[in-house]
Structures are given as C-alpha cells and as structure tokens.
Amino acid sequence: MKRDPLPLEERPEPPAPLLSATVPGEPGGAELAQPVWIFGYGSLVWRPGFEFTSRKVGFIRGYSRRFWQGDTFHRGSERMACTWGVAYEVRGEQIAASLEYLNMREAVLGGYDTKLVKFHPQEKDAEEPILALVYIATPQNPSYLGPASEEDIAAQIIVSSGCAGHNIEYLLRLADFMRYFCPQAEDKHLFSIEEALISILPCLYCTEESPEETESVPQKSKG
C-alpha cells in the first residue's frame, strides 16, 4: 500500500464579496458568510471529494476522534477534548457543490449531524479561530456502536471494506496524517488501534497461509 503524505498547500485568492450559504442540519437554517470553511477529521483529510480554494491543518475543541461508528468506523464525541484535521475553504460555486456532496456522503449515507464549530489553524500567526462546518457522529446515530477495546476495533477493521475502500487504508492514512502534519498532538486512541492492527496482521496472514504451506510440504513415505 502506497502511503504518501498530503501536500497541504494554501493557494492565495483575491478577496471575494460576502455571500451567504445555508448550513444543512443547523436549527433555523444557520447561514455562513463566504468563504465557507468545512472541517474534516477522518477520510476528508486525504479524500475530500469536492473542489476547494485552500486548506489548513488545525483543530477543534470539544470533540474526540473515536472509532465507535458503524459502517466505516467514524467517531463519537466527547467534551473537553480536541480533534485535529483539515479545514477546507470553499468559495462561489464551490459552496453549493461541496455542501450538496457532503450532505449525501456524511449526513444521508453516514447518519452524521451537522455542527458549526470554531476551527483553530495550526499556523503560529493565526489570530482568530475560523467558524467551520463539521459532520459528527453521536450516540443517537443508528450506526453508533459505542466503546470497544482497541483490539476488538482493530479486528473489525481488518475484515471490513466497502465501496470507498478497505478500513485498513482508512486507519493507516489517518495515522500517517497525524504523524506528518500534527506531530505535537496526541491521539492515543488512534495509535493504539493502529498498533493492535499491526500486531494482528501477521497472525492473520500465517493462519491464511498455513493450509497451503502444509500441502506443499513433502510427506514421508511409510515403510
């Protein structure tokens, strides 16, 4: 599996006039002024699936990344915590297209709730947090599985895949992102699952290969 770091580069854009976009899922149809920022903390960090103007690495407070969600094993929530990821800036026609795409990908198919949060960019010269849209999983989600040991989660990840790919790729790409772009951040839950998965894989490989190996070993003739 090729695991390349993400080239996170910001592309400067000319100032745009202030426009408004309705945020799906927010009570009363909350509005954001253009540009709109969308925060991703799972597969969105390497596969956003929509056009954007720029992106920034940073974090939001009040939530923890947890592999407690069914299907693709997304996260639950936990107060007094912090989650690192990538915020994408979308402008103009990108806004409607990205929100429509993400509403289907995250809300309709994933069962996620839509929230507005304060995103804190990683840059040292960042002055104020940015208001951003985020999709989160809650215990009310029908696919919410709840807490489990890192070993149990790793075992489930190994045997799970779907139209978007294998969950092993999901876990390893997310762990790589944290190492490359957020080395100062701690994510014990994520790295414990990665460690458990790596320890299980050789055992699984040996189990699957053992019948062939047994058949290939010449048998001693009797007598």
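All figures in this text were calculated on a predicted structure; none of them were measured in a lab.

Chemist: For this particular structure, what's the right way to read the overall build of the protein chain?
Modeler: Each helix and strand in the protein chain was counted, giving 4 helices and 9 strands. Seen in sequence order, the protein chain has helices and strands lined up from the N terminus as β-β-β-β-β-α-β-β-α-β-β-α-α. Buried residues in the protein chain amount to 46% of all 223 residues. Long-range pairs, those at least 24 residues apart, make up 71% of the contacts in the protein chain between residues at least 6 apart in sequence.

Chemist: What should I look at first to understand the environment of serine 192 in this one?
Modeler: Following the sequence through the fold, serine 192 ends up in helix H4 (residues 188–216). A relative accessible area of 23% places serine 192 in the partly exposed class. Residues serine 192 and glutamate 151, 41 residues apart in the sequence, show an inter-C-alpha distance of 8.5 Å.

Chemist: Looking at this model, I keep getting lost on helix H3 (residues 167–181). Mind explaining?
Modeler: One full turn of an α-helix is made of 3.6 residues, so residues set three or four places apart face in the same direction. For H3, with 15 residues, the first-to-last C-alpha span of 21 Å sits near the 21 Å given by 1.5 Å per residue. Counting buried positions along H3 gives 11 out of 15 residues, so the element sits mostly inside the fold. For H3, the full list of buried residues reads Asn167, Ile168, Tyr170, Leu171, Leu172, Leu174, Ala175, Asp176, Phe177, Met178 and Phe181.

Chemist: Could you clarify how one ought to interpret the nonpolar core in this entry?
Modeler: Grouped burial of nonpolar side chains is what soluble globular proteins tend to show. Ile38, Phe39, Phe50, Phe67, Ile157, Phe177 and Cys182 are the most contacted members of the largest nonpolar core, which totals 52 residues. By residue number, the principal contributor to this core is H3, which donates 9 residues. For isoleucine 157, the contacting residues outside a window of four places in its chain are Phe67, His166, Asn167, Ile168, Leu171, Ile193 and Leu197.

Chemist: Mind showing me how you'd approach the pattern of salt bridges here?
Modeler: Pairing between side chains of opposite charge can happen when their charged atoms approach one another. Scanning the model with the defined rule gives 7 salt bridges in all. Taking the shortest distance from any N to any O, the salt bridge between arginine 105 and glutamate 106 comes out at 3.2 Å. In terms of burial, arginine 105 and glutamate 106 fall into one category: buried. One network of salt bridges, in which partners are shared, links Asp176, Arg179 and Glu194.

Chemist: Would you take a moment to explain the packing of aromatic side chains for this structure?
Modeler: The description of an aromatic ring pair uses the distance of the two centres, along with the angle that the planes make with each other. What the rule picks out here adds up to 8 aromatic pairs. On the numbers, 5.0 Å between centres and 45 degrees between planes, the contact of phenylalanine 59 with tryptophan 84 is tilted. A residue pair is termed long-range when its members are at least 10 positions apart, and phenylalanine 59 in strand S4 (residues 54–61) and tryptophan 84 in strand S5 (residues 82–90) qualify at 25 residues. One aromatic cluster in this structure is built from Phe39, Tyr41 and Phe119.

Here is what the cut-offs are and how they apply
- All residue numbers refer to position in the chain's written sequence, counted from 1.
- Given that this is a predicted model, residues contribute local features only at a pLDDT of at least 70 and side-chain atom pairs are listed and counted only at 80 or more, while totals for whole chains, interfaces and linings are drawn from all residues.
- As a convention, hydrogens and water are excluded, and side-chain values are obtained from all of the structure's heavy atoms.
- Under the DSSP-based scheme used, a helix requires at least four consecutive residues in state H or I and a strand at least two consecutive residues in state E, with every element numbered from the N terminus.
- For every residue, the accessible area obtained with a 1.4 Å probe (protein chains only) is divided by the maximum for its type, and the residue is called buried under 20%, exposed over 50%, and partly exposed between those limits.
- Note on definitions: a residue-residue contact is assigned when non-hydrogen atoms from the two residues lie within 4.5 Å.
- By definition here, a helix of n residues has an expected span of 1.5 Å times n minus one.
- To form a nonpolar core, buried Ala, Val, Leu, Ile, Met, Phe, Trp, Tyr and Cys residues must be joined to one another through side-chain atoms within 4.5 Å.
- When a carboxyl oxygen of Asp or Glu lies within 4 Å of a side-chain nitrogen of Lys or Arg, that pair is called a salt bridge.
- Only rings of Phe, Tyr and Trp enter the pairing, Trp through its six-membered ring, and a pair is recorded when the two centres are within 6.5 Å. The plane angle decides the type: under 30 degrees is stacked, over 60 is edge-to-face, the rest tilted.

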